[in-house]
Amino acid sequence: MIAAPEIPTDFNLLQESETHFSSDTDFEDIEGKNQKQGKGKTCKKGKKGPGEKGKSGNGGGKPPSGPNRMNGHHQQNGVENMMLFEVVKMGKSAMQSVVDDWIESYKHDRDIALLDLINFFIQCSGCKGVVTAEMFRHMQNSEIIRKMTEEFDEDSGDYPLTMAGPQWKKFKSSFCEFIGVLVRQCQYSIIYDEYMMDTVISLLTGLSDSQVRAFRHTSTLAAMKLMTALVNVALNLSINMDNTQRQYEAERNKMIGKRANERLELLLQKRKELQENQDEIENMMNAIFKGVFVHRYRDAIAEIRAICIEEIGIWMKMYSDAFLNDSYLKYVGWTMHDKQGEVRLKCLTALQGLYYNKELNSKLELFTSRFKDRIVSMTLDKEYDVAVQAIKLLTLVLQSSEEVLTAEDCENVYHLVYSAHRPVAVAAGEFLYKKLFSRRDPEEEGIMKRRGRQGPNANLVKTLVFFFLESELHEHAAYLVDSMWDCATELLKDWECMNSLLLEEPLSGEEALTDRQESALIEIMLCTIRQAAECHPPVGRGTGKRVLTAKEKKTQLDDRTKITELFAVALPQLLAKYSIDAEKVTNLLQLPQYFDLEIYTTGRLEKHLDALLRQIRNIVEKHTDTDVLEACSKTYHALCNEEFTIFNRVDISRSQLIDELADKFNRLLEDFLQEGEEPDEDDAYQVLSTLKRITAFHNAHDLSKWDLFACNYKLLKTGIENGDMPEQIVIHALQCTHYVILWQLAKITESSSTKEDLLRLKKQMRVFCQICQHYLTNVNTTVKEQAFTILCDILMIFSHQIMSGGRDMLEPLVYTPDSSLQSELLSFILDHVFIEQDDDSNSADGQQEDEASKIEALHKRRNLLAAFCKLIVYTVVEMNTAADIFKQYMKVKLENIGNILIVKCRAVFFVSNHLVCCSLYVCLFCCRDGIEFAFKEPNPQGESHPPLNLAFLDILSEFSSKLLRQDKRTVYVYLEKFMTFQMSLRREDVWLPLMSYRNSLLAGGDDDTMSVISGISSRGSTVRSKKSKPSTGKRKIVEGMQLALTEESSSSDSMWLSREQTLHTPVMMQTPQLTSTIMREPKRLRPEDSFMSVYPMQAEHHQTPLDYNTQVTWMLAQRQQEEARQQQERAAMSYVKLRTNLQHAIRRGTSLMEDDEEPIVEDVMMSSEGRIEDLNEGMDFDTMDIDLPPSKNRRERTELKPDFFDPASIMDESVLGVSMF
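Just so it is clear, the structure is predicted and the values come from calculations on it, not from any experiment.

Enquirer: Quick question: what am I supposed to make of helix α3 (residues 110-124) here?
Expert: Helical periodicity: at 3.6 residues per turn, an α-helix aligns residues three or four positions apart in one direction. An ideal rise of 1.5 Å per residue puts 21 Å on 15 residues; α3 measures up with 21 Å between its terminal C-alpha atoms. The buried count for α3 comes to 15 of 15 residues, which makes it a mostly enclosed element. Capping of α3 at its N-terminal end is provided by Asp 109; its side-chain oxygen lies 3.0 Å from the backbone amide nitrogen of Asp 111. Positive phi appears at Gly 126, one or two residues downstream of α3, with a value of about 90 degrees.

Enquirer: Would you take a moment to explain the packing of aromatic side chains for this structure?
Expert: In this description, a pair of aromatic rings is defined by centroid distance and the angle of the planes. For the coordinates displayed, the defined rule picks out 32 aromatic pairs. Ring geometry for Phe 85 versus Trp 168: centroids 6.4 Å apart, planes at 35 degrees, classification tilted. Residue Phe 85 is located in helix α1 (residues 84-90), and its partner Trp 168 is located in the loop between α5 (141-149) and α6 (171-185); the two are separated by 83 residues in the primary sequence. Take Phe 85 and Trp 168: they sit in the same class, and that class is buried. The rings of Phe 289, Phe 293, Tyr 297, Trp 315, Tyr 319, Phe 323, Tyr 328, Tyr 331 and Trp 334 are connected pair by pair, giving a single aromatic cluster. Seen from the ring of Tyr 195, Arg 110 lies directly overhead, with NZ or CZ sitting 4.1 Å from the centre.

Enquirer: It is not clear to me how the side chain of Thr 379 should be interpreted in this structure. Could you clarify?
Expert: Relative to the elements of secondary structure, Thr 379 occurs in the loop between α14 (365-377) and α15 (384-400). Residue classification places Thr 379 among the buried residues on the basis of a relative accessible area of 3%. A polar contact of 2.5 Å, which involves the side chain of Thr 379, links it to the backbone oxygen of Val 376. Not counting chain neighbours up to four residues away, the residues in contact with Thr 379 comprise Ala 387, Ala 390, Ile 391, Leu 394, Asn 412, Val 413 and Leu 416.

Enquirer: Could you clarify how one ought to interpret the environment of Phe 595 in this entry?
Expert: As for its position among the elements, Phe 595 is in the loop between α24 (582-588) and α25 (598-602). Between the C-alpha atom of Phe 595 and that of Glu 565, which follows or precedes it by 30 residues, the distance is 8.7 Å. Residue contacts for Phe 595: discarding those within four places in its chain leaves Arg 560, Ile 563, Thr 564, Phe 567, Ala 568, Leu 571 and Tyr 600.

Enquirer: Explain the packing of helix α7 (residues 196-208) against helix α8 (residues 213-252) here, please?
Expert: Two packed helices can be described by the angle between their axes and the distance between those axes. Where α7 contacts α8, the axes come no closer than 8 Å and their chain directions differ by 140 degrees. Accordingly, the angle class assigned to the pair α7 and α8 is oblique. Seen along the crossing, α7 lies across α8 with a hand that is left-handed. Within the contact between the two elements, α7 uses Met 197, Val 200, Ile 201, Leu 204, Leu 207 and Ser 208 and α8 uses Phe 215, Arg 216, Ser 219, Thr 220, Ala 222, Ala 223, Leu 226 and Leu 230. The residue inventory of the contact of α7 with α8, partitioned by class, reads ten nonpolar, three polar and one charged.

Enquirer: Even after reading the chapter, I still don't get the pattern of salt bridges, so can you show me in this structure?
Expert: Opposite charge on two side chains permits pairing when their charged atoms draw close. Enumeration according to the criterion identifies 26 salt bridges in this entry. Of the charged contacts, one joins Arg 422 and Asp 482 as a salt bridge, the two residues approaching to 3.0 Å between their closest N and O atoms. Here Arg 422 is found in helix α17 (residues 422-437), whereas its partner Asp 482 is found in helix α19 (residues 477-484), with 60 residues between them in sequence. You can call Arg 422 partly exposed: its relative accessible area is 22%. The residue Lys 554 makes a salt bridge to Asp 558 at a minimum N-O spacing of 3.1 Å. Taken together, the residues Lys 554 and Asp 558, both in helix α23 (residues 550-577) and four residues apart, mark about one turn of the helix. Residue class for Lys 554 comes out exposed when judged on its relative accessible area of 52%. In this structure, a network of salt bridges that share partners links the residues Arg 422, Asp 482, Asp 486 and Arg 541.

Enquirer: Whenever I open this one, helix α30 (residues 708-722) confuses me. Can you help?
Expert: In this model α30 runs 22 Å from its N-terminal to its C-terminal C-alpha over 15 residues, within 8% of the 21 Å that 1.5 Å per residue would give. Every buried residue belonging to α30 is among Leu 708, Phe 709, Cys 711, Asn 712, Leu 715, Leu 716, Thr 718 and Gly 719, and all of these are buried. Buried-residue contacts for α30 involve α28 (647-672), α29 (681-700), α31 (727-750) and α32 (755-775). The first or second residue beyond α30 is Gly 723, which carries a positive phi of 75 degrees.

The rules behind these values
- Residues numbered from 1 in each chain as written.
- Predicted model: local features only at pLDDT ≥ 70, side-chain atom pairs only at ≥ 80, totals over all residues.
- Heavy atoms only, no water.
- Helix = DSSP H or I, 4+ residues; strand = E, 2+ residues; numbered from the N terminus.
- Expected span 1.5 Å × (residues − 1).
- Buried < 20%, exposed > 50% of the residue type's maximum accessible area, 1.4 Å probe, protein only.
- Polar contact = N/O pair within 3.5 Å; in protein donor to acceptor, adjacent residues only side chain to side chain.
- Phe/Tyr/Trp six-rings, centres within 6.5 Å; stacked < 30°, edge-to-face > 60°.
- Lys NZ or Arg CZ within 6 Å of the ring centre and 35° of its normal.
- Contact = heavy atoms within 4.5 Å.
- Axes fitted to C-alpha atoms, helices over the stretch in contact; angles between N-to-C directions.
- Parallel < 35°, antiparallel > 145°, perpendicular 65-115°, else oblique.
- Left-handed = near helix turned anticlockwise from the far one by under 90°.
- Nonpolar A, V, L, I, M, F, W, Y, C, P; charged D, E, K, R; others polar.
- Salt bridge = Lys/Arg side-chain N within 4 Å of Asp/Glu carboxyl O.

See below:
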């Protein structure tokens, strides 16, 4: 144990209002008369030799007996004050007042004050030890650090810089502020006394070389902040030297009669003192840089590396004349290859501060040429924050010099505007805007006030269209607009210019837009209008709708008004011009959704509304494309708003259109279904086109008064009877009938309905389900898929869920599918979803089209499977149907539809409380059958390769969390029967399904035997005891199911449980030795330092089936035997651990046993045999000379220990084999 400190570390803290300073306080001395007050004295750095024990700042070794000290403690008004660490931790006092009090203490007795400062750094590292005066006088730094290492708390790896909680939240900032203020207040005298700074630098250098993470982290942060403060002092000295030199030159150039020789002598003396001070500061900075930075910038801890890079960026920015050169830039360049995103991020932010200042560009040319490719590649960094900062850095590089980045470099950034991560896309959009849109030609200055086609934005809009087309991502215009929305708002909101480019004729000499360019411009215009009206990013870019500020709401309203006023007039003209182009019309018809419809009345624009309705009617008559018709339907729906006065006008137009369509459909259908006549293609086309229009409008509008169910039923029934109905007619008839039923249900739900309405809807719904069931066996695949999708939706809507929310009156509508319908649905899934992908038809010409068709087919299969899985989740169909689906799992690839199976099966067991027992029953059966299936087919290449179906265990892992504890043990034992000893030793990636499934069964066990077997350590000790919960009725039922399952499986070749099965104790190998500066008593083995293996359990002879009572008795006895065996195994494991620890203790004397959760000691140094040369060696760069003057006061600075840390563990391999410049 360390003796109690002879000199207390308490610190006299004066309140800010009571602070007073004597005449020798270390304030700024303009003339420099008080500087270097300690110069010429032989003061050792932090220690005294045997013959100097009594020498100190006050002339003796005794504490001062001034008015502020009593019994060795700082006193103020008789009240003992807090230690320096406590003051900084609180962070409530003015830091300058705290530092000034310490300076006063240093002037009275610098040994005591310095001891306070040393203990401050020790305590900030989380160490409980205290450096005594005796240790300070007689022990070397390494001995003191070793002594302090022993005082660390073994049970916790936390220290102030990593602790959580309100009191530690601001500790780091207060700690850094204290160091900065300390140097600033001491910069005119104390730091030059060759005692205080030498001692502090020596201590921090030694601590930064420690293997204790807390020491290394805290001291590195302190040293880097100390270096930053010294850089600021050096900068001020440089400025003062320049001013003094100018004053000296000006005085010397005067005429001899006017020259003041005394002033010249004073200026020479001042310049000499400033030069000496600068040399001292440079020596200190060199000691910190070579003693701390050069070793710790490649530390094993990412936080420490990040601190070093952040601070060197500050040095280069603050004092560019001294630090902004290739000798220092190389460290930032190398560290850009760091494996931790946090460190790479600090590199980029440091470089941003340099590239932002264009005056520094000349000093960055060589660095840019060497590391530009790395910066460009970081735009694709897996850490989004790093990618964002890399793009911002390239934007600064682009602004400084456009010639640096090649066209290929820019293209690598351009495509990121389509990124799903919005910050990355916005940064890329800003880069794109700076590169292509921010420059204006000089001749455009005269047309800045023009608008429309002749305005300044016309060429920029064309450039945007050209870029969009060249990017070949035509379906992502919304993402492009969103990426540039923040930086190019004025351009994107110039809808008048876009409208002019579409409607007006090109000027003389101007090239007109092509058809493809016009389509792209219309799409971009629609996206800008949507973004302005909705004020949120497109799907996939945002986390949800955020609350708009008052300013944003006002901007939104102003934009909608501007959009309505412009396009209420222009939209009819645009529709008339492009009425035959389906793509353009579809996009243009979406504009009214973002109108402020009140402006039609207030702005007296009714005639333009009539023109718009006429154009929509003409488009409906001309087009049969589904997208165009649905766009027309949505436009009518947006305009038919009862809140506005235009409703009647629009409703009349809509009713007239539907009347004509319904009459025409009935007339055509009557002729089409006449008996004895063969329908020709022209009649079929007329029926189909009219049915398409009606179906599109029925999607958004209630057409119940036209009674469309009867005619569609007649059409579908005829198709079943004759079997020759065109597939497209059947598909749209099914869809239209579906809409009829849904609108009737909505009408009944929203208003009071009669019993007759319910019975009529029930009859229509069940008849329609029978029709869909008939079409499941149709020869056409598209018809079958349509019938299946609609049937799943109908069954889902009219299931027992329809009565939820107090809607009991809808009980007559509940429809439960019979077994035949369920069987047909399952058969459809098995035949159309679980099919092999055709991969052998990829020609060179049609490869891209074939890939697109495969993606579309895969998407369709996923939707079909999701529709059926919903029926399983909500128990519309029998739950055991899920087992049939999982059996087909290996027929398709996991990346294709496997995630749907996983997501849906997670919800199967949360439907309702009364289904829990049934769910567990199904779960156990799935586990048993799944294990058998996974090991069913061995690998033809031998036992060293996994079985062909082993990946199926990934699915079974989803069920493990739903099993009870004893059920997991049962399944685990059953799994072990299929495993060999070699399988348990495998750790390759191909065996991951087996490892993850075993771990999922072992997780959450009530004993440590399973944890030991799986090689997973628990957070607590090796022995844990938990009280068993009393059995409930539900638990008994589940146990009965488990016994029934066991009884059923006992008749097969594999049995779940065997009375003679036991788990073998894992073999414990010797723990590898660890080396460190800290020596502790043996604690416990770390799991990763031990080798654990599992022996396979041999299956015994099968038990004869027992009755239920016998099974329960047998199960209880089996559990009791297992618990007794587990206790014996735990005792055996404890004995093995104890014996191993004793062997290591005898072999090494004492041993370091680190905590397996949060070790506070880390072996960051490699062995001397594995040392590699420093990356800086062999580089011909001009660096600051670190050779310090030979002085016994500085002997420890030249004793810097070499760092054997291998940078390959923190950097990519690519950087190690490449020279810097």
